[in-house]
Amino acid sequence: GLSYHENWGKAWHSPEPRKEYDVVIVGAGGHGLATAYYLAKVHGIRNVAVLEKGWLGGGNTARNTTIVRSNYLWDESAQLYEKAMQLWEGLSQDLNYNVMFSQRGVMNLAHNLQEVRDTQRRINANRYNGVDGEWLTPAQVKEIVPNINLDSRYPVLGGSFQRRGGVARHDAVAWGFARAADRLGVHIIQNCPVTNIRRKDGAVEGVETGKGFIKAKKVAVVVAGHSSVLADMAGVRLPIESHPLQALVSEPVKPCIHTVIMSNAVHAYISQSDKGDLVIGAGIDQYLGYGQRGSFHSIEHTLQAIVEMFPSLSRVRMNRQWGGIVDVSPDACPIISKTDVKGLYFNCGWGTGGFKATPGSGWVFAHTVAHDEPHALNKAFSIDRFYSGHLIDEHGAAAVAH
Ligand SMILES: Cc1cc2nc3c(=O)[nH]c(=O)nc-3n(C[C@H](O)[C@H](O)[C@H](O)COP(=O)(O)OP(=O)(O)OC[C@H]3O[C@@H](n4cnc5c(N)ncnc54)[C@H](O)[C@@H]3O)c2cc1C
Ligand SMILES: CSCC(=O)[O-]
């Protein structure tokens, strides 16, 4: 370990890898770091290494628009995301690190009769699962969002509102989980790409990395957009497509958006950061790619949609645009699962919406790795569903259609 002075101010150590660990987690994004934390805290498994090819929290965890909600349609999804929501509500205290979770509400707009019916159905389904949600009339939408244009080419006929939803500081989530896991003895090893997953007699043996071979009884892969790359190393087939997903922020302006507003039909969503930037996003670029960038037409389409809903923002300057690589599954639901290789587990397929699940994803994945069996909350999200056909289609709740 480091002396007090060496360690002073460091949130986590940077150890050299041991030759062997009980569990190796590939990917130090929010989900991987949360998995390590809950393995150590809940299951007492501390001989764990999180291997990260770049810097911790540098992937989608650092690149997302930070929306947190749990108002998904199907029981399996609503219960999993609601577990995450409940963990969010105590996360800063648990990690002793302010993740800046701001429950300012999340609004999903309806622009035609079908969306009205689908949205009201989802609110009722949410209530069965103990997920808060209410229907807003257009007047109620306007009361919460005074500068919205209700009468654009896509008239606002109402919307759902989840008041417990909101936003969080994405970097702080990664830093909080990393610091807490480190203090429980987890090794977080950055600049350590996994280049192969070694197997023997149908079981995982360990991983080859930029820092040499590391033996492990269990390997848990949480690499989001690179999931297919890692799966290929282990001969595992995943029904995952990797697409660019872009977002952008404006110059800081005075507080004018006090909640999160999402529209599937107009195809954009917006919130305002504590610094005053308007945080804007939409759907994926339709081509497959591993570049953390996207096409200009996606940004243009998104801004047209935003100006359609908020004409008053038409002269605000955009400051930054970026992209991530999202791992989209056929039913817009995650795969949190054992595989046919003994001791090898995958947690992926979160697509455009996994940040909101971060604590819940880590919590159930840690259980799955510790017990070699899924928790009741992720049992339905096994890779086998793509063989059995028991999909859980959440494209409608994915906020901005993939
Ligand atoms: C622009 C954008 C906006 C989004 N907005 C939202 C939102 O508002 N709300 C929401 O819920 N979700 C949102 N998402 C989705 C969300 O960001 C992701 O689902 C979630 O962050 C995935 O977390 P993760 O830890 O699994 O992945 P990541 O944070 O990407 O972590 C995976 C890590 O694995 C590492 N890795 C990859 N290959 C290797 C290797 N071979 N060896 C070692 N390490 C490796 C990567 O470097 C990376 O650090 C958005 C995504 C993007 C891109
Ligand atoms: C990128 S979309 C965010 C969400 O799913 O709420």
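In this report, we go over the structure that sits alongside the text. (Residues numbered from 1 in each chain as written. Chains lettered and ligands numbered in written order. Predicted model: local features only at pLDDT ≥ 70, side-chain atom pairs only at ≥ 80, totals over all residues. Heavy atoms only, no water.)

Comments concerning the site of ligand 1
Here's step 1: What surrounds ligand 1 is a group of 36 residues, the closest being E52, N60, T61, T65 and K356.
Here's step 2: Within the backbone of H31, a nitrogen or oxygen atom sits 3.0 Å from an oxygen atom of ligand 1.
Here's step 3: One of the backbone nitrogen or oxygen atoms of V194 is found 3.0 Å away from a nitrogen atom of ligand 1.
Here's step 4: Protein contacts shield 96% of the accessible area of ligand 1, which totals 1000 Å² for the unbound molecule.
Here's step 5: When residues of the shell around ligand 1 are traced back to their parent elements, those giving at least two are helix 2 (30–43), helix 3 (60–63), strand 12 (241–250) and strand 16 (318–328).
Here's step 6: Considering only residue class, the shell around ligand 1 consists of 15 nonpolar, 17 polar and four charged. (Near = heavy atom within 4 Å. Polar contact = N/O pair within 3.5 Å; in protein donor to acceptor, adjacent residues only side chain to side chain. Areas by Shrake-Rupley, 256 points an atom, 1.4 Å probe, with all protein chains shown as cover. Helix = DSSP H or I, 4+ residues; strand = E, 2+ residues; numbered from the N terminus. Nonpolar A, V, L, I, M, F, W, Y, C, P; charged D, E, K, R; others polar.)

Points about the pairing of strand 11 (residues 212–221)
Here's step 1: As defined by bridge partners, strand 1 (residues 20–26) adjoins strand 11 across six bridges and the pair is classed as parallel. Considered in strand 11, the bridge of I25 is made with A220.
Here's step 2: Between strand 10 (residues 203–209) and strand 11, which pair antiparallel in sequence order, lie two residues.
Here's step 3: For strand 11 and strand 18 (residues 344–348), the ladder comprises three bridges, and the chain directions are parallel. Residue pairing in the sheet places V219 in a bridge with L344 of strand 18. (Pairing = 2+ DSSP bridges.)

Description of the site of ligand 2
Here's step 1: Around ligand 2, the neighbouring residues are I67, R69, Y72, M262, Y269, T352, G353, K356, A398, A399 and V400.
Here's step 2: Within the side chain of R69, an N or O atom sits 2.6 Å from an oxygen atom of ligand 2.
Here's step 3: Interatomic distance of 2.7 Å between a side-chain N/O atom of K356 and an oxygen atom of ligand 2.
Here's step 4: Protein burial of ligand 2: of its 240 Å² of free accessible surface, 96% is covered by the chains.
Here's step 5: When the residues that make up the shell around ligand 2 are grouped by side-chain class, the tally is seven nonpolar, two polar and two charged.

Describing the sheet that holds strand 13 (residues 260–263)
Here's step 1: Taken together, eight strands build an open sheet; the order of strands is 5-6-4-13-14-15-12-16 and the sheet is mixed. Of all strands in the sheet, those with a lone pairing partner are strand 5 (134–136) and strand 16, marking the two edges. Neighbour-to-neighbour, the strand axes of this sheet turn through a mean angle of 20°, independent of strand direction.
Here's step 2: Bridge count for strand 4 (residues 106–110) against strand 6 (residues 158–162) is five bridges, and the pairing is antiparallel. Paired with A110 across the strands is G158, a residue of strand 6. (Axes fitted to C-alpha atoms, helices over the stretch in contact; angles between N-to-C directions.)

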